[in-house]
Amino acid sequence: MCSPCCSWTATQSTASSPTSWAPGKKVMDGEKDPRNLLVAFQIVRDLIVKNYALGPFVEELFEVTSCYFPIDFTPPPNDPHGIQREDLILSLRAVLASTPQFAEFLLPLLIEKMDSDLQSAKLDSLQTLTACCAIYGQKELQEFLPSLWSSLRREVFQTASEKVEAECLAALHALSACLSRSVLSSDTEDLLDSFLSSVLQDCRHHLCEPDMKLVWPSAKLLQTAAGASLRTCHRVTRSVVPLLLEQYTKHPQSSQRRTILEMLLGFLELQQKWGHVEEDESALLALRAPVCTVVFSAMTDPSVQLQLVGIRALTVLGSLQGFLSPPDLELVVDHLLRLILHEEDSQSSEAAMEAVGSLAPLYPQMFSERMVPRLGEELQSEREEEGSRAPRSLRQRCLQALAAVSTHTSIVRETVPVLLQHLRQVQKGSEARNAQDVVSVCQSLHRVALQCQQDAESCWYYHQTVVPYLLAMAVQAAMQESTHPLLGKALLEEEALAAMVPVISAANTHLSPELAAQSVSHVVPLFLDGEVSFLPQNSFPCSFQPFEGGERFEAQRRLVALLMAFVCSLPRNVVIPQQERLLRELLALSCSCNCPFTATTAAKCFAGLVNKHPAGQQLDEILQLAVNRLEPSLAEGPHRTQALTLLLWVTKALVLRYHPLSSRLTDKLLGLLGDAELGPVAADGFSLLMADSPDVLHKGCHADVRIMFRQRFFTDNVPKLVQGFHGAGPDVKANYLKGLSHVLNHLPKPVLVTELPTLLSLLLEALSCSDRVVQLSTLSCLQPLLLEAPQIMSLHVDTLVTKFLSLASSPTMAVRIAALRCAHALTSLPTTVLLPYKARVIRALAKPLDDKKRLVRKEAVAARGEWFLLGSPGR
């Protein structure tokens, strides 16, 4: 095939007679082999793009290629060449859309195929038209514009296919952009203006009928045309926006107004695309007053759905530079503040907060001066009037709004003191609910910290303001615990300290190494030596000694959680002062403390430091010291649980960084699975080893996490788990199954599928275990495997059906839900395998339809419905 074509191309440029085309045409005519067609299409495209003079052969070259349009090709099964229909479509399209010389022949063909009944032909034609518009100009399109617009309009108005509609809109966008690019001369018609006039004439009047079915297709067509260029945007906006504003006033119903405002929103969003526009060039600026009136009225409407659209429109208006006047901006802030604080529906309140976050960086002074003080006043008045209506809800909204608005450095400097002052007031209270108030404030502070991370100035201000303040309040509360037990007690609750951890961590992670080193030089001496001079309000009644023993220091020891948050979030290249001493203190505390919270946080802090510690003799000595401390504590004594917790966290720290000692510690953990007392806890520990930790030992806090550590752990330890299971006594077998299920649950599914044949029998055995955790974990593991490895799972369908139906009656709701989801997933197996079980499963799934829990009933309905449809035609 190639030789004759090449012969033709060599002689074509000097040919003076159509007869010289004959050899090449004969070669390509009737060709059906897809491999040859790909080569032929590429040769023709090369002829065109390399500027061979086609002369009188343009039409013949078009005909010999266009006869294959649209491509209708189904690759044979097991095709060794791998040529797909899409390959041929793209190759032919590259030819047809390679030159404007084909336009007079191609455009009538595309119009004809767009009007066909075949969806594939429509899609191919529309996509080819879009591609052609990239190289066409007004000259090529002029004759065919009315027909093209007629076909596009008809398809958008009448089609039930979202794909066809999307391609029609893409083609309209390309046409409008093509016409916009053409340079006009004084004696030529402006085709863009006449084309848009046709679009407006056919679509504009439908916008006056917000309840009719053509309103949205018309809006989409107009918005698509308007989005093609700045010229089209001006032309369409100037005609449509005044009409929509008029219609909004004419239609009083909220549902109709919502439709109209959503259409208006689409045109407003197009203004964002073109950036700042001078006042004399923008059609929208002339409509500023009525646009703002409509949007503000939507935000005061009783309809929540209309309010939500109004908030979105307000956000867009605010993003248009120079559009809103200062009085308008004041109204914007007032409306958003009212919705945040006083709108009963949470959707509107949350949407308003999101809008505040978007607009505050654009108008920081307005939000600092008009919103932040009023939020602070609301918090203060709420504290003074505890009996007010729904104080908790109002307080929560104020705190959330203060966090949402903190998206600019100048605003952060206003909001952070308000939040910290509120936290100080909470500390002075003694009610039990104050711990939850501390959590709420910390959640807002955490959000502010995350928003500050991308700006160095905001990050450093936040760090040096918030971290010392939190530490000072916590230290003061811990010192008062022994003399005034009720004062500041809220700050020492586990949930409050746990909420402070992400605040401090987020304040650290994005610091520069220099600033982080400066800060850590104060914090570590605070905990090791009681050096409190850098803290604000540092006149404390006694010394701070969190690593001292004795009952009177118990409250101080709890603050190790804050030390963990600080040192474990620092970059790895920051040198921690007195690190060896700190590690020894943490090791001793984690193994000897009777408070589970304190012992766990000390163990996590130790593990976080070990994970980042540079390799070498110092690390080896610390790890050996830890092993020497762990082994006797695990063997006997009152602190076996604390020792196991430390073992788990240190093992995780070393597994993540591929440290050689991790194998030894993992073997020790495997050995504990046979321990009657610690076995169940050790089994759950495998979940800790494999899962991401939220506060330490993750990449966000600069931990040393190697890629594919889970796969490596699986390869090294699952065979040991299986071997241990087979050799274990009946009373501890469940521990091995639980450990195995935890490992498999966190393993990437593609890896698990490859190992499935060897592990499936053990997983099925795990379903018979009486331990609910084992059942739940195994079901969670099996559900995706039913979808991803149906052929393998089909071999065990009888056992799977029996197990899932049995567990669907479990006394544990979570197990029932998981079993029903697995029964649902079974329907992805081959139908021929499942049909013998259809009647049995449908009967069994009738019982959970009457379950007392709604979530169980929901899963039962979904699963039973799929089994009813099993084997139906067209499924």
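Residues numbered from 1 in each chain as written. Predicted model: local features only at pLDDT ≥ 70, side-chain atom pairs only at ≥ 80, totals over all residues. Heavy atoms only, no water.

A. Local environment of helix 36 (residues 733-745). For helix 36, with 13 residues, the first-to-last C-alpha span of 18 Å sits near the 18 Å given by 1.5 Å per residue. The buried count for helix 36 comes to 10 of 13 residues, which makes it a mostly enclosed element. If you check which residues of helix 36 are buried, you get Asn-735, Tyr-736, Leu-737, Lys-738, Gly-739, Leu-740, Ser-741, His-742, Val-743 and Leu-744. Packed against the buried residues of helix 36 are helix 33 (661-672), helix 34 (679-690), helix 35 (709-727), helix 37 (749-766) and helix 38 (772-788). (Helix = DSSP H or I, 4+ residues; strand = E, 2+ residues; numbered from the N terminus. Expected span 1.5 Å × (residues − 1). Buried < 20%, exposed > 50% of the residue type's maximum accessible area, 1.4 Å probe, protein only. Contact = heavy atoms within 4.5 Å.)

B. Molecular detail of the packing of helix 7 (residues 119-133) against helix 10 (residues 162-181). For the pair helix 7 and helix 10, the least separation of the axes is 8 Å and the interaxial angle reads 20°. Here helix 10 runs roughly parallel to helix 7, going by the angle between their axes. In the crossing of helix 7 with helix 10, the sense of the turn from one axis to the other is left-handed. Listed contacts from helix 10 to Gln-119, Lys-122, Leu-123, Leu-126, Gln-127, Leu-129, Thr-130 and Cys-133 of helix 7 are Lys-163, Val-164, Glu-167, Cys-168, Ala-170, Ala-171, Ala-174, Leu-175, Cys-178 and Arg-181. Split into classes, the residues belonging to the contact of helix 7 with helix 10 amount to 11 nonpolar, three polar and four charged. (Axes fitted to C-alpha atoms, helices over the stretch in contact; angles between N-to-C directions. Parallel < 35°, antiparallel > 145°, perpendicular 65-115°, else oblique. Left-handed = near helix turned anticlockwise from the far one by under 90°. Nonpolar A, V, L, I, M, F, W, Y, C, P; charged D, E, K, R; others polar.)

C. Molecular detail of the packing of aromatic side chains. Scanning the entire structure with this criterion turns up six aromatic pairs. Site record: aromatic cluster; members linked through ring pairs are Phe-62, Phe-102 and Phe-105. Lying across the ring of Tyr-658, Arg-712 places its NZ or CZ 4.2 Å from the centre. In this arrangement the basic side chain of Lys-733 is found over the ring face of Phe-725, its NZ or CZ atom lying 4.2 Å from the centre. (Phe/Tyr/Trp six-rings, centres within 6.5 Å; stacked < 30°, edge-to-face > 60°. Lys NZ or Arg CZ within 6 Å of the ring centre and 35° of its normal.)

D. Highlighting the state of the cysteines. The final tally for this structure, using the stated rule, is zero disulfides. Of all cysteine sulfurs in the structure, the one in Cys-133 sits closest to Cys-178, which takes part in no disulfide; the separation is 5.2 Å. Here Cys-568 stays unpaired: no disulfide links it, and the sulfur of Cys-605, its closest cysteine neighbor, is 4.3 Å away. (Disulfide = S-S within 2.5 Å.)

E. Main features of a negative patch on the surface. Among the surface-exposed residues, Glu-59, Glu-63, Glu-104 and Glu-143 lie close enough to one another that they form a single negatively charged patch. In this structure Glu-63 comes out as partly exposed when scored by relative accessible area, which is 39%. (Patch = residues over 30% accessible without salt bridge, like charges linked within 9 Å, V, L, I, M, F, W, Y side chains within 5 Å. Areas by Shrake-Rupley, 256 points an atom, 1.4 Å probe, with all protein chains shown as cover. Salt bridge = Lys/Arg side-chain N within 4 Å of Asp/Glu carboxyl O. Lys, Arg positive; Asp, Glu negative; His and termini not counted. Charge placed at Lys NZ, Arg CZ, Asp CG, Glu CD.)

F. Molecular detail of the nonpolar core. The biggest cluster of nonpolar side chains holds 315 residues, and the ones touching the most others in it are Leu-336 and Phe-367. Broken down by element, this core gets its largest block of residues, 16 residues, from helix 24 (residues 456-480). When neighbours within four sequence positions are excluded, Phe-367 is seen to be in contact with Val-333, Leu-336, Val-356, Leu-359, Ala-360, Val-372, Val-405 and Ile-411. (Core = buried A, V, L, I, M, F, W, Y, C linked by side-chain atoms within 4.5 Å.)

G. Local environment of the side chain of Ser-810. Relative to the elements of secondary structure, Ser-810 occurs in the loop between helix 40 (797-807) and helix 41 (813-825). When its relative accessible area of 6% is taken as the criterion, Ser-810 is described as buried. In this structure the side chain of Ser-810 is engaged in a polar contact, spanning 3.1 Å, whose partner is the backbone nitrogen of Thr-812. Residues contacting Ser-810, with those up to four places away along its chain left out, are Arg-772, Gln-775, Val-815 and Arg-816. (Polar contact = N/O pair within 3.5 Å; in protein donor to acceptor, adjacent residues only side chain to side chain.)

H. Just unusual backbone geometry, in detail. With an omega of -5°, the peptide bond between Phe-69 and Pro-70 qualifies as cis. The topology assignment puts Pro-70 in the loop between helix 4 (58-66) and helix 5 (85-96). In this structure, Tyr-658 is a non-glycine residue whose phi angle is positive, near 60°. Structurally, Tyr-658 is set in the loop between helix 32 (640-656) and helix 33. For Leu-697, which is not glycine, the phi dihedral falls at a positive 55°. Along the chain, Leu-697 falls in the loop between helix 34 and helix 35.

I. Region of the structure containing the environment of Lys-213. Checked against the element boundaries, Lys-213 lands in the loop between helix 11 (191-203) and helix 12 (215-226). In sequence terms Lys-213 and Phe-157 are 56 residues apart; their C-alpha atoms lie 8.8 Å from each other.

J. Structural detail: the packing of helix 23 (residues 434-452) against helix 24. Between helix 23 and helix 24, the least distance of the axes is 8 Å, while the angle of their chain directions is 145°. The segment helix 23 lies against helix 24, with Leu-445, His-446, Val-448, Ala-449 and Cys-452 engaging Ser-458, Cys-459 and Tyr-462. Looking at the contact of helix 23 with helix 24 residue by residue, the class counts come to six nonpolar, two polar and no charged.

K. Region of interest: the environment of Met-479. Tracing the chain through its elements places Met-479 in helix 24. Between the C-alpha atom of Met-479 and that of Arg-552, which follows or precedes it by 73 residues, the distance is 9.2 Å. The contact partners of Met-479, leaving out residues within four places of it in the chain, are Phe-540, Pro-541, Cys-542, Ser-543, Phe-544 and Gln-556.

L. Here's a closer look at the pattern of salt bridges. Scanning the model with the defined rule gives 28 salt bridges in all. The shortest N-O distance in the salt bridge between Glu-457 and Arg-413 comes to 3.6 Å. Taken together, the residues Glu-457 in helix 24 and Arg-413 in helix 22 (residues 409-428) connect sequence positions 44 residues apart. Residue class for Arg-413 comes out partly exposed when judged on its relative accessible area of 39%. Between Asp-771 and Lys-738 there is a salt bridge whose closest N-O contact spans 3.2 Å.

M. Main features of the environment of Ala-728. Relative to the helices and strands, Ala-728 is located in the loop between helix 35 and helix 36. As a C-alpha pair, Ala-728 and Leu-673 span 55 residues in sequence and 9.2 Å in three-dimensional space. With near-sequence residues (within four places) excluded, Ala-728 lies in contact with Lys-733 and Tyr-736.

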